[in-house]
Amino acid sequence: LQDKSSNYDIDCFQPLFQQIEKLTDKGPYTGRVGADDVDLKDTAYRAIADHARTLSFAIADGAVPNNEGRGYVLRRILRRAARYGQQILNCSPGFFVTLVPIVVETFGDAFPELKENEQTIIEIVTEEEQSFSTMLDRGIKFFDELKGDLKEAGTAEVSGEKAFFLV
């Protein structure tokens, strides 16, 4: 396709990669894969861009992230993208929703449902991303406190109750 060896190198991904580059201090997408992508930077770029497209199209078609069926898949996709952005690319919480207008601009002429539902997509992604960020912050804080407690107690064993809370 477009004389490229990877679909991530074609024109429709470039605006997404350019936006992600603006949001990270890790540098631009370079196309590294597998063992060559030691720091997972390029893997994160690809996952985030692909997930932004997936969520935008699915929400435009009426699906919403929730705890059941396809909604749960969407929730997991959004959380994976948010985690990759924050943990691997050092993006600020809330970065992911900034990709929605890029998806709409890139694909909106061919898929008018994206343009018609842009505000709804933005609202849903914003709410889900904020909810996940809050939960992630709480979990990291709990884990850090738990590590301190375990070190202080001289053990590495986590109780089932506390392990359940982390899940």
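Our structure is the block above this text.
Residue numbers restart at each chain and count upward from 1, following the sequence in its written direction. Selection of residues for local features in this predicted model requires a pLDDT of at least 70, selection of side-chain atom pairs for listing and counting requires 80 or more, and totals for whole chains, interfaces and linings are taken over all residues. Think of the side-chain values as coming from all heavy atoms in the structure, minus any hydrogens and water.

Residues belong to one nonpolar core when they are buried, are Ala, Val, Leu, Ile, Met, Phe, Trp, Tyr or Cys, and are joined through side-chain atoms within 4.5 Å. The buried label applies to any residue whose accessible area, calculated with a 1.4 Å probe on protein chains only, is under 20% of its type's maximum; exposed applies above 50%, and partly exposed to all values in between. Among the nonpolar cores identified, the biggest contains 40 residues, and Phe17, Ile20, Ile48, Leu89, Phe96 and Val125 are the most heavily contacted of them. In this text, helices come from DSSP runs of H or I with a minimum length of four residues, and strands from runs of E with a minimum of two, each type numbered from the N-terminal end. Contributions of two or more residues to this core are made by α1 (14-23), α2 (41-60), α3 (69-88), α4 (100-107) and α6 (118-153). Considering every element that reaches this core, the biggest residue donor is α2, with 10 residues. Contacts: residue pairs with any heavy atoms within 4.5 Å of one another. In this view, Leu89 contacts Ile20, Thr24, Asp25, Lys26, Lys41, Ala44, Tyr45, Ile48 and Tyr84; residues no more than four positions away in its chain are not counted.

By definition here, a salt bridge exists when the distance from a side-chain nitrogen of Lys or Arg to a carboxyl oxygen of Asp or Glu is within 4 Å. What the rule picks out here adds up to eight salt bridges. Across the pair Asp50 and Arg53 runs a salt bridge, and its minimum N-O distance is 3.0 Å. Pair noted here: Asp50 and Arg53 are both in helix α2, with a separation of three residues, about one helical turn. With a closest N to O distance of 3.9 Å, Lys141 and Glu145 form a salt bridge.

Here we come to the environment of Thr126. Relative to the assigned elements, Thr126 resides in helix α6. C-alpha separation for the pair Thr126 and Thr98, spaced 28 residues apart in sequence, amounts to 9.2 Å.

Turning to the environment of Arg46, a few remarks are in order. Its place among the elements puts Arg46 in helix α2. When its relative accessible area of 11% is taken as the criterion, Arg46 is described as buried. Separated by 29 residues in the primary sequence, Arg46 and Phe17 have C-alpha atoms spaced 8.2 Å apart. For Arg46, the side chain forms a polar contact with the side chain of Tyr29, separated by 3.1 Å. Side-chain polar atoms of Arg46 contact the backbone oxygen of Arg32, separated by 2.9 Å. Nitrogen and oxygen atoms within 3.5 Å of one another constitute a polar contact, given that in protein one can donate a hydrogen and the other can accept it, and given that sequence-neighbouring residues count only through two side-chain atoms.

An ideal rise of 1.5 Å per residue puts 28 Å on 20 residues; α3 measures up with 28 Å between its terminal C-alpha atoms. For α3, every residue scored as buried is listed here: Gly71, Leu74, Arg75, Ile77, Leu78, Ala81, Ala82, Tyr84, Gly85, Gln86 and Ile88. At its buried positions, α3 is contacted by α2 and α6. Take the number of residues in a helix, subtract one, and multiply by 1.5 Å to get its expected span.

Turning to the packing of α3 against α6, a few remarks are in order. Angles run from 0 to 180 degrees between N-to-C directions of axes, and those axes are lines fitted to C-alpha atoms, restricted for helices to the stretch in contact. Between α3 and α6, whose axes approach to 10 Å, the crossing angle comes to 60°. Considering the angle they form, α3 stands oblique to α6. Crossing hand, α3 versus α6: right-handed. In contact with Arg75, Leu78, Arg79, Ala82, Arg83 and Gln86 of α3, α6 contributes Val125, Glu128, Glu129, Phe132, Ser133, Met135 and Leu136. Classes in brief: Ala, Val, Leu, Ile, Met, Phe, Trp, Tyr, Cys and Pro nonpolar; Asp, Glu, Lys and Arg charged; the others, Gly included, polar. Class assignment for the residues of the contact of α3 with α6 results in six nonpolar, two polar and five charged. Our angle categories are set so that under 35 degrees counts as roughly parallel, over 145 as roughly antiparallel, 65 to 115 as roughly perpendicular, and the remainder as oblique. Whether a crossing is left-handed or right-handed is set by the direction in which the near helix is turned from the far one by less than a right angle, anticlockwise for left-handed and clockwise for right-handed.

Any two of the Phe, Tyr and Trp rings considered here, Trp counted by its six-membered ring, make a pair once their centres fall within 6.5 Å; the pair's planes then place it as stacked at under 30 degrees, edge-to-face at over 60, or tilted in between. Evaluation of the coordinates by the stated rule reveals eight aromatic pairs. The interplanar angle of 65° and the centroid separation of 5.7 Å between the aromatic rings of Phe57 and Phe107 together place this pair among those described as edge-to-face. Pair noted here: Phe57 is in helix α2 and Phe107 is in helix α4, with a separation of 50 residues, a long-range link. The exposure class of Phe57 is partly exposed, given its relative accessible area of 23%. Given the relative accessible area of 12%, Phe107 is considered buried. Feature note: the residues Tyr8, Phe13, Phe17, Tyr29 and Tyr45 constitute an aromatic cluster, connected by ring pairs.

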